[in-house]
Structure formats: structure tokens, C-alpha cells
Amino acid sequence: MAATVAALITPTEHDPDRCGSEEESRGAEAEEENNQQQHTGPATVTHTRLSKLPLARIKALMKTDPDVSLASQESVFIIAKATELFVEMIAKDAMVYAQQGKRKTLQRKDLDNAIEAIDEFAFLEGTLD
């Protein structure tokens, strides 16, 4: 089963490590929002979502665990945000291998290489088989 994932993560110049500080990301988000408001004018209200994943679906997935009977909105949001950050981290690491192969599209072998090479992903070894 050969699956490919389109590369939606673009490498950033100010991000030599995988993770930046929370303050840096907040500053970048605020700057981006200010730029959007300047271009759209004061009459247009911009709505930014705090989570890119659907919270209702995350909550439904959490409730499939027999140990979870209730899930607060805060816990659902934290799980969604952690999932976003995890996917971003593994995608960036896999993108390095795609770029080494002179490709712009992530492939399964790129994810396999990232999982094998990075100790943080050791718990995922064998999951894509």
C-alpha cells in the first residue's frame, strides 16, 4: 500500500529546531492577524480558529475509549492542539527526507525514515506496516 501525503508544511527560516517558543508563535500569529486586518480594512472581522482539527470529532474519538466517560472542552482542545503539533513535527522531519530525495511530496518511506532516525518517534516503529 503506497500512500503519499501532499507536503503542506513549508520550512521556515527562523525555525532551526523543530519547535519554537510559544511566545514566538503567538507573536507571529498576532503579526499575521494585524497584516490581515490592514489589508481587509476595519469593517471586515477576521475569525481565526484556535484548533485546525474538528473538536467534535476529537471528542467522539476520545469517548471511544471505555475509560473516558466525560471529556471537558479544555481537555478536547488540549488533545487537538497536541495532535496538531505532533503531526507538524513528524511532517517537518519527514520533509527533510523528501527534500534529500529532491521531492516536494511526502511519501511513506519519508515517514518511515523519520521514525527510524529520530528517537522521539521510536514508539511508532512498525505502526506503518
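Source: prediction; values computed, not measured.

The subject of this paragraph is the packing of aromatic side chains. The final tally for this structure, using the stated rule, is two aromatic pairs. Consider the rings of F86 and F121, whose centres lie 6.0 Å apart with planes at 85°: the pair is edge-to-face. Taken as a pair, F86 in helix α3 (residues 73-100) and F121 in the segment after α4 (108-117) lie far apart in primary sequence, 35 residues in all. A ring pair is formed by F86 and F123, whose centres lie 6.2 Å apart and whose planes are at 45°; its orientation type is tilted. Separated by 37 residues along the polypeptide, F86 in helix α3 and F123 in the segment after α4 bring together distant segments of the chain. One aromatic cluster is present, built from ring pairs that chain together F86, F121 and F123.

Attention now moves to unusual backbone geometry. Positive phi values are uncommon outside glycine, yet K102 reaches one of about 55°. For K102, the location among the structural elements is in the loop between α3 and β2 (106-107). The exposure class assigned to K102 is exposed, which follows from its relative accessible area of 78%.

What follows concerns the side chain of E84. For E84, the location among the structural elements is in helix α3. Polar side-chain contacts of E84 include one of 3.4 Å to the backbone nitrogen of L53. Aside from chain neighbours lying at most four places away, what touches E84 is S51, K52 and L53.

Rules of the game
- Residues numbered from 1 in each chain as written.
- Predicted model: local features only at pLDDT ≥ 70, side-chain atom pairs only at ≥ 80, totals over all residues.
- Heavy atoms only, no water.
- Phe/Tyr/Trp six-rings, centres within 6.5 Å; stacked < 30°, edge-to-face > 60°.
- Helix = DSSP H or I, 4+ residues; strand = E, 2+ residues; numbered from the N terminus.
- Buried < 20%, exposed > 50% of the residue type's maximum accessible area, 1.4 Å probe, protein only.
- Polar contact = N/O pair within 3.5 Å; in protein donor to acceptor, adjacent residues only side chain to side chain.
- Contact = heavy atoms within 4.5 Å.

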